[in-house]
Amino acid sequence: MRILVTGGTGYIGSHTCVELLQAGYEIVVIDNYSNSKPEVIEKIKEITNNDFVFYEGDVRNKDILEKIFIENSIDGVIHFAGLKAVGESVRIPLDYYSNNIEGSLILLEVMRDFNVKKFVFSSSATVYGDPYTVPIKEEFATKALNPYGNTKLMLENILNDLCLSDNSWSIALLRYFNPTGAHSSCLIGENPNGVPNNLFPYIAKVALGEIECLKIYGNDYDTKDGTGVRDYIHVVDLSQGHIKALEKVINSTGINAYNLGTGTGYSVLDVVNTFEKVSERKIPYQIHSRRSGDIAQCYADTRKAKEELDWVAEKGIEEMCRDSWNFVLKNILVTKF
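The residue count restarts for each chain, going from 1 along the sequence in the order it is written. In view of the model being predicted, local features appear only for residues whose pLDDT reaches at least 70, and side-chain atom pairs are presented and counted only at 80 or more, with totals across whole chains, interfaces and linings using the full set of residues. With hydrogens and water excluded, all non-hydrogen atoms of the structure serve as input to the side-chain values.

- Going by the annotation in an unreviewed UniProt entry, the name recorded for the protein chain is UDP-glucose 4-epimerase, with Paenibacillus selenitireducens given as the source organism.
- UniProt positions are given in the numbering used here, feature names are shortened, and annotations may be inferred rather than shown by experiment. What the UniProt record of the protein chain gives under Pathway (unreviewed entry) is the line "Carbohydrate metabolism; galactose metabolism."

Encoded structure:
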């Protein structure tokens with residue numbers, strides 16, 4: 001079975017490509033390297049000892065998507081390609097709507113034209129907005145609070161409408177919580193272009209001395225230490241969740257949403273303290289005012305994924321910090337000298 005992976009050289013995409021190849025799938029990957037690097041392709045091949053087809057391009061380019069479907073017998077799609085930072089989306093909303101909405105619509109149109117109707121969508125816990133209680137269940141009301149979340153929620157609504165119009169589609173909406181960590185080989189991990197938007201790679205740069213200190217946005221939330229609480233999930237656990245979701249869409253029709261998280265909330269200071277322990281380095285930080293679009297706490301009820309996908313996250317916060325730091329030590333740090 002051959003799966004198209006959009007955004008397959010990105011952080012989550014590359015780890016999922018590894019899991020797909022190791023599970024026996026053939027893959028075709030498209031990426032425009034907007035937040036990744038070309039060398040990731042060879043690293044995926046090295047980890048898996050498998051080859052795959054790669055196209056450099058943007059999913060908004062219908063010609064290249066049609067070329068992919070003509071040249072390859074695609075059975076299903078896992079769709080990662082898109083911009084993904086909450087703060088950035090507030091600053092440049094039009095870029096987010098163009099990239100995330102337009103790109104997804106063009107991809108779905110091409111899938112429809114080639115009668116490929118198995119689709120795993122990279123959604124986000126941001127679709128829940130500021131939940132009235134935690135842990136968050138899939139049936140909670142959805143209400144995005146920022147442009148990034150709006151793009152995910154709009155696409156979920158579009159996909160629901162698509163399934164209503166044609167019941168031969170099979171779609172999984174995977175609502176990620178906060179992916180982090182790296183592959184145990186240290187060949188792939190989170191190494192974003194420019195200043196990181198996510199907490200773990202930012203902390204790593206502080207530990208390396210590349211950034212003077214960590215900016216913590218808000219210490220007056222209604223949480224145990226005043227800092228924001230999130231459900232961090234190891235990227236390998238998350239990638240394995242995609243394999244389970246793919247199995248589900250291959251063997252059924254309809255649309256379902258699944259939370260992919262650990263079900264445990266960690267504060268920013270929990271992460272800082274654990275990272276200091278693992279790296280044996282001090283992480284200086286400064287408290288700043290809250291950011292627009294941020295919420296106090298967000299962690300998952302994961303029972304539906306366990307019951308329907310037979311999936312649970314297995315790695316804890318120490319392993320997430322350790323794998324993140326080892327990746328930095330064996331990749332980013334070495335390249336500086």
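Moving on from the model shown.
### Focus: the overall build of the protein chain
Then, in step 1: Secondary structure is summarised from DSSP: a helix means a run of H or I of at least four residues, a strand means a run of E of at least two, and numbering begins at the N terminus for each. Tallying secondary structure elements over the protein chain gives 11 helices and 14 strands in all.
Then, in step 2: Using C-alpha atoms as the atom set, the radius of gyration is obtained and then compared with a globule rule of 2.2 Å times the number of residues to the power 0.38. What you see for the protein chain is a C-alpha radius of gyration of 19 Å, in line with the 20 Å of a compact globule of 337 residues.
Then, in step 3: On the principal axes, the C-alpha backbone points of the protein chain span a range of 55 × 45 × 40 Å.
Then, in step 4: Working definition: with a 1.4 Å probe on protein chains only, accessible area under 20% of the residue-type maximum means buried, over 50% means exposed, and in between means partly exposed. In the protein chain, buried positions account for 56% of the 337 residues.
Then, in step 5: Only the protein chains shown count as cover for residues, and all accessible areas are computed by the Shrake-Rupley method using a 1.4 Å probe. Surface exposure of the protein chain reaches about 14400 Å², of which carbon and sulfur atoms provide 45%.

### Some remarks on the packing of helix α7 (residues 199–208) against helix α9 (residues 268–279)
Then, in step 1: To get an axis, a line is fitted to the C-alpha atoms, and for a helix only the part in contact is used. The angle between two axes follows their N-to-C directions and goes from 0 to 180 degrees. Contact pair α7 / α9: the axes reach a minimum separation of 11 Å and the direction vectors enclose 45 degrees. Overall, the two elements α7 and α9 adopt an arrangement that is oblique. At the point where α7 passes α9, the crossing takes the right-handed sense. Contacts between α7 and α9 pair Leu199, Phe200, Ile203, Ala204 and Ala207 from the former with Val268, Val271, Val272 and Phe275 from the latter.
Then, in step 2: Broken down by class, the residue content of the contact of α7 with α9 amounts to 9 nonpolar, no polar and no charged. In what follows, roughly perpendicular refers to angles from 65 to 115 degrees, roughly parallel to angles under 35, roughly antiparallel to angles over 145, and oblique to any angle outside these ranges. Crossing handedness: left-handed means the near helix sits turned counterclockwise from the far one by under a right angle, and right-handed means the same turn made clockwise. Residues count as neighbours in contact if any of their non-hydrogen atoms are within 4.5 Å of one another. Three residue categories are used. Nonpolar comprises Ala, Val, Leu, Ile, Met, Phe, Trp, Tyr, Cys and Pro, charged comprises Asp, Glu, Lys and Arg, and polar comprises the others, including Gly.

### Some details on the sheet that holds strand β9 (residues 229–230)
Then, in step 1: Between any two strands, pairing holds if DSSP finds at least two bridges. The 3 strands lie next to each other as β12-β9-β14, forming an open sheet whose pairing is mixed. The strands lining the two open edges of the sheet, one partner per strand, are β12 (266–267) and β14 (297–298).
Then, in step 2: Here β9 pairs with β14 via 2 bridges, running parallel. Counterpart to Val229 in the pairing with β14 is Gln297.

### Focus on the nonpolar core
Then, in step 1: Counting 37 residues, the largest nonpolar core has Val5, Leu20, Ile27, Leu174 and Leu246 as its most contacted members.
Then, in step 2: Top contributing element to this core by residue count: helix α8 (residues 235–250), with 7 residues.
Then, in step 3: Filtering out sequence-adjacent residues up to four positions away, Leu174 remains in contact with Val120, Phe121, Ser122, Ser123, Ser124, His242, Ala245, Tyr258 and Leu260.
Then, in step 4: The term nonpolar core refers to a set of buried residues drawn from Ala, Val, Leu, Ile, Met, Phe, Trp, Tyr and Cys, joined through side-chain atoms within 4.5 Å. Listed in part, the 29 residues of the second largest apolar core include Leu4, Ile64, Ile68 and Val77.

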